[in-house]
Amino acid sequence: MNYKIAVLAGDGIGPEIVEQAIKVMNAIGKKFNHTFEFSAAPVGATAIDQTGNPYPDETHALCMNSDAVLFGAIGDPKYDNDPKAKVRPEQGLLAMRKKLGLYANIRPVTTFPSLIHKSPLRADLVEGADFVVIRELTGGIYFGEPRGRSEDQEKAYDTCTYTKDEVRRITKLGFEYAAKRDKRLTVVDKANVLATSRLWRETVQEMVPDYKEIEVDFMFVDNAAMQIIQWPKKFDVMVTENMFGDILSDEASVITGSLGLLPSASVGIHTSVFEPIHGSYPQAAGKNIANPIATILSAAMLMELSLNLTEEAKAIRDAVDNAMDAGIVTEDITEEKAYSTSEVGEWIADNI
Ligand code: IPM
Ligand code: MG
């Protein structure tokens, strides 16, 4: 088969890690007789520099006309300490999510036995932890109106809104993931304080009878933040609103000790987007030292979720495991000989 893949490499280490995922996808193409047609387009700070817009219309059109989007990272330090910047790279990410209707961000939190010692938690707490955070991605306080500043500039406000329909579609996905896994769903909210959270709880409770085989529990977000570090193994599928999911998914990923290995998928109405969770890591940009594995594993998720190529996805994951077993890894995850970004990418592609 022939597949069209939009490549949005973005900023920082984005281009060099995405290049490795492309090598790996091409190796899969060779082995399994597919062609992947890659088309690149700018996003983030790179796109602002080139066009003034962090998510240009041409980039959006390319995404809409592709089977999947392979995404690197966005963000540039020159914007971080400039709260008055008129256009920000992050706006590109939010615009992309909204325009592609990417209402769900899926982050599998898995541990790699060889990296447990990198976890900030005791090994016995985190060994075997395996859960999925499903974050709502196009609603809540990230997008609610009104937002802004008062006329005298002394007050600022954001608005958190959710509709029952928004809650239903993401919760449905949560139930479906739980059904394929250990059949446990944790819904995280702040229903003791927020009206939107009470709407979530009510909506999920209405859905519970349709999914009798799934065990559902509700947890306040502050408690969830504690439980993730006290007892990460208790979770199977966690579903939550946009901002809670932003915070908890970072917390959840860091406890594995393998931040550089974790992929993610954003799915919804139009083309899905696959990206590593680690961000643009500007200090390493251009140095050929960044870990490409999270992006390579994002390509595996892409194969599975957007192209329905299960065997191909497994071939990528197996090759990544082989690289780790053989010690062909970047400096962030070894005290021994480290390999460069491109060497790791090449090795994995060859292994396939
Ligand atoms: C993420 C990031 C983004 C978010 C930023 C860069 C806007 O933190 O994808 O989790 O807050 O959603
Ligand atoms: Mg985040």
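Notes on the structure in this doc start here. Predicted, not measured: the structure shown is a model, and the values here were computed from it.

## Focus: the pairing of strand 12 (residues 273–276)
Part 1 of the argument: Burial along strand 12 is two-sided: Val 273 and Glu 275 and Phe 274 and Pro 276, pointing in opposite directions, are all buried.
Part 2 of the argument: As paired elements, strand 3 (residues 68–73) and strand 12 share two bridges and run parallel to each other. Bridging across to strand 12, Val 69 finds its partner in Val 273.
Part 3 of the argument: Pairing analysis gives four bridges linking strand 11 (residues 263–267) to strand 12, with the strands arranged antiparallel. If you follow Ser 264 over to strand 12, its bridge partner there is Glu 275.
Part 4 of the argument: Between the antiparallel neighbours strand 11 and strand 12 lie five residues.

## With respect to the site of ligand 1
Part 1 of the argument: In the vicinity of ligand 1, the contacting residues are Glu 90, Leu 93, Arg 97, Arg 107, Arg 135, Tyr 142 and Asp 246.
Part 2 of the argument: One of the side-chain N or O atoms of Arg 135 is found 2.8 Å from an oxygen atom in ligand 1.
Part 3 of the argument: No other element matches helix 5 (residues 89–100), which puts three residues into the shell around ligand 1.

## Looking at the environment of Thr 196
Part 1 of the argument: By the element assignment, Thr 196 lies in helix 8 (residues 195–207).
Part 2 of the argument: Distance in space between the C-alpha atoms of Thr 196 and Thr 163 is 8.4 Å, their sequence separation being 33 residues.

## Here we look at the pattern of salt bridges
Between side chains of opposite charge, a pair can form when the charged atoms approach closely.
Part 1 of the argument: Throughout the structure, instances matching the rule amount to 18 salt bridges.
Part 2 of the argument: Arg 135 is the salt-bridge partner of Asp 246, the closest N and O atoms lying 3.5 Å from each other. Taken as a pair, Asp 246 in helix 10 (residues 242–254) and Arg 135 in strand 5 (residues 130–136) lie far apart in primary sequence, 111 residues in all.
Part 3 of the argument: Taking relative accessible area as the criterion, Asp 246 reaches 26% and is therefore assigned partly exposed.
Part 4 of the argument: Judged by relative accessible area, which is 3%, Arg 135 ranks as buried.
Part 5 of the argument: In this structure, Asp 318 and Lys 314 form a salt bridge, with 2.8 Å as the shortest nitrogen-oxygen distance. Of the two residues, Asp 318 and Lys 314 both sit in helix 12 (residues 310–325), four residues apart, roughly one turn of that helix.
Part 6 of the argument: Residue classification places Asp 318 among the partly exposed positions, given a relative accessible area of 32%.
Part 7 of the argument: A cluster of three or more residues bridged by salt bridges with shared partners is formed by Asp 130, Arg 181 and Asp 236.

Cut-offs and rules
- Residues numbered from 1 in each chain as written.
- Chains lettered and ligands numbered in written order.
- Predicted model: local features only at pLDDT ≥ 70, side-chain atom pairs only at ≥ 80, totals over all residues.
- Heavy atoms only, no water.
- Buried < 20%, exposed > 50% of the residue type's maximum accessible area, 1.4 Å probe, protein only.
- Helix = DSSP H or I, 4+ residues; strand = E, 2+ residues; numbered from the N terminus.
- Pairing = 2+ DSSP bridges.
- Near = heavy atom within 4 Å.
- Polar contact = N/O pair within 3.5 Å; in protein donor to acceptor, adjacent residues only side chain to side chain.
- Salt bridge = Lys/Arg side-chain N within 4 Å of Asp/Glu carboxyl O.

Everything listed is a geometric property; what it means functionally is a separate question.
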